[in-house]
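Take a look at the letters that make up each chain.
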Amino acid sequence: MPAPSRPSGAKALNPQRLDVSALADRGDGLAGQRPLVECTRLLEPGEPLPPPEALLHWKALAEHRPVRGGAPELWLHLALHTTVQRTCQRCLQPVALSLALERDFLFAPTEAQAEAWDAERDDADVLVLTKSLNLLELAEDEVLLALPLVPRHEACPQPLVAPAEQAAPSADPSADPSPEEPKRDHPFAILAQLKRPH
Ligand SMILES: [Zn+2]
């Protein structure tokens, strides 16, 4: 899916130093993609490097959500999708792990408020508000958390046919492909010999 184009008049926001409140004020989202090879915490020793075209796609939308009798809450909705290559721990073949995530973050104005909300609210991940959120790092964290500890195929590919099995003779004699005409004509050849005049 192509990233939505941004109106040229809008002030550019830096996803690595994001003012979430400013994004909410602006009303539109922010989207992009980042090569997986740059997401260094997703790289595993012993696993091949991701190809340059492998991307982590992200889309962020922020909003001031009105609260009855209180200050509006600042929310960030983050949608991610990517495919990470790992080695299947069952068959040791490569396995492509496709991830599509959606996360809702609630920003608390203070550390104390964050701790309180964290304890009492299960509708969101609570973060302390900063004027400079690294969205790319947050996206990478979420992918890291979503990756299985033990990567495996849902169904491993069929094991390769063993060479001995492959070389086994066919059970059906009529399937013999050798074009030995004399052999097939043998009964008629005998007949012909019998009819041959002496
Ligand atoms: Zn497997």
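The structure presented is a predicted model; accordingly, all values stated were derived computationally and were not measured. (Residues numbered from 1 in each chain as written. Predicted model: local features only at pLDDT ≥ 70, side-chain atom pairs only at ≥ 80, totals over all residues.)

## Details of the overall build of the protein chain
In terms of helices and strands, the protein chain carries six helices and five strands. Split into buried and exposed, the 198 residues of the protein chain put 14% on the buried side. Here the analysis covers contacts within the protein chain between residues at least 6 apart in sequence; of these, 56% occur between residues at least 24 apart. (Helix = DSSP H or I, 4+ residues; strand = E, 2+ residues; numbered from the N terminus. Buried ≥ 20, exposed ≤ 12 C-beta atoms within 10 Å, placed from the backbone. Contact = placed C-beta atoms within 7 Å.)

## A closer look at the environment of Ala-124
Position of Ala-124 among the secondary structure elements: in the loop between helix H2 (111–120) and strand E5 (125–128). What makes Ala-124 partly exposed here is the crowd of 16 C-beta atoms within 10 Å. Sequence separation between Ala-124 and Phe-107 is 17 residues, and the spatial gap between their C-alpha atoms is 9.5 Å. Ignoring anything within four residues of it in the chain, the contact list for Ala-124 reads Asp-104, Phe-105 and Leu-106.

## Focus: the nonpolar core
Formed by 21 residues in total, the largest nonpolar core has its most connected members in Val-20, Leu-23, Leu-56, Ala-60, Ala-62, Leu-135 and Ala-139. For this core, the secondary structure elements donating two or more residues are helix H1 (20–26), strand E2 (55–67), strand E3 (70–87), strand E4 (94–108) and helix H3 (135–146). Beyond its immediate sequence surroundings of up to four residues, Leu-56 is in contact with Gln-33, Arg-34, Leu-36, Cys-39, Leu-80, Thr-82, Ala-139 and Val-143. (Core = buried A, V, L, I, M, F, W, Y, C linked by C-beta atoms within 7 Å.)

## Observations concerning the environment of Cys-91
With respect to the element layout, Cys-91 can be found in the loop between E3 and E4. For Cys-91, a count of 15 C-beta atoms within 10 Å translates into the label partly exposed. Separated by 62 residues in sequence, Cys-91 and His-153 place their C-alpha atoms 8.3 Å apart. Contact partners of Cys-91, with chain neighbours within four places excluded, come to His-153, Cys-156 and Pro-157.

## Side note on the sheet that holds E3
By way of backbone hydrogen bonds, the strands of a sheet pair with one another, either parallel or antiparallel. One open sheet holds the five strands; their spatial order is E1-E2-E3-E4-E5, and the pairing between them is mixed. The open sheet is flanked by strand E1 (30–35) and E5, the only strands paired with a single partner. Averaged over neighbouring strand pairs, the angle between their axes works out to 30° when direction is ignored. Sheet topology places E3 next to E4; 14 bridges connect them, and they run antiparallel. Its bridge partner being in E4, Leu-78 is matched across the sheet by Arg-103. Across the sheet, H2 touches E4 and E5, and the angle it forms with E5 is around 175°. Contacts between H3 and the sheet are confined to E1, E2, E3 and E4, with E3 contributing the most and set at about 60° to the helix. (Pairing = 2+ DSSP bridges. Axes fitted to C-alpha atoms, helices over the stretch in contact; angles between N-to-C directions.)

Spatial relationships are all this shows, so hold off on functional conclusions.
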